[in-house]
Amino acid sequence: DLAINHENIVTHYHTDRTDRYIFIVMELCNYSDLESYYNKHAPLNTSDMNIILKQLASGLQLLYSNHIVHRDLKPMVSSGAKKVLLKMSILEYTFT
């Protein structure tokens, strides 16, 4: 299992596989995606933008420093833009 621990990345707890399914246990994230947050709160003030961008950059820096490239990251923003999490979408698997 990938062990990335960062306050701005959704935690991956466990992965298990059967012949037919893959089970992935991740941290529950009840935040809004960044686009929805922006549409609801636009225009964003400078303070909120600084909080969001600094937290996104911090999470991305950890991924980059661990040589992790993911093409489908989803920025998630808490109410009031106090916390930002990067959610890595789940890969689709095909079993034959």
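Only a predicted model underlies this, so the values are computations on that prediction, with no experimental measurement involved.

A. Spatial organisation of the confidence of the model for the protein chain. Here the protein chain shows a mean pLDDT of 83. Residues at 70 or above account for 89%. Per-element mean pLDDT across the protein chain ranges from 80 in strand β5 (residues 84–88) up to 92 in helix α1 (residues 34–41).

B. View of the side chain of H6. Following the sequence through the fold, H6 ends up in the segment before β1 (12–17). Here S58 takes part through its side chain, which lies 3.0 Å from a polar atom of the side chain of H6. Not counting the four nearest positions on each side in its chain, H6 is found in contact with S58, G59 and L62.

C. Expanded view of the packing of aromatic side chains. Under the criterion given, the structure shown has 1 aromatic pair. Ring centres of Y21 and F23 lie 6.1 Å apart, and the angle between their planes is 45°; this geometry places the pair in the tilted category. Since its relative accessible area comes to 46%, Y21 is described here as partly exposed.

D. Seen up close, the sheet that holds strand β4 (residues 73–77). Judged by pairing direction, the sheet is antiparallel, and its 3 strands sit side by side in the order β3-β4-β5 without closing on themselves. Two strands lie at the open edges of the sheet, namely β3 (32–33) and β5, each paired on one side alone. Pairing geometry for β4 and β5, over 5 bridges, is antiparallel. Residue P75 lies in a different strand from β5, and its bridge partner there is L86. Lying over the sheet, helix α2 (residues 46–65) contacts β4 and β5, oriented at roughly 40° with respect to β5.

E. How the structure looks around the nonpolar core. Within the largest apolar cluster, 13 residues are counted, with the highest numbers of intra-cluster contacts made by I9, Y37, I52, L63 and V77. Listed by contribution, the elements that provide at least two residues to this core are α2 and β5.

The rules behind these values
Residues numbered from 1 in each chain as written. Predicted model: local features only at pLDDT ≥ 70, side-chain atom pairs only at ≥ 80, totals over all residues. Heavy atoms only, no water. pLDDT = per-residue confidence, 0-100. Helix = DSSP H or I, 4+ residues; strand = E, 2+ residues; numbered from the N terminus. Polar contact = N/O pair within 3.5 Å; in protein donor to acceptor, adjacent residues only side chain to side chain. Contact = heavy atoms within 4.5 Å. Phe/Tyr/Trp six-rings, centres within 6.5 Å; stacked < 30°, edge-to-face > 60°. Buried < 20%, exposed > 50% of the residue type's maximum accessible area, 1.4 Å probe, protein only. Pairing = 2+ DSSP bridges. Axes fitted to C-alpha atoms, helices over the stretch in contact; angles between N-to-C directions. Core = buried A, V, L, I, M, F, W, Y, C linked by side-chain atoms within 4.5 Å.

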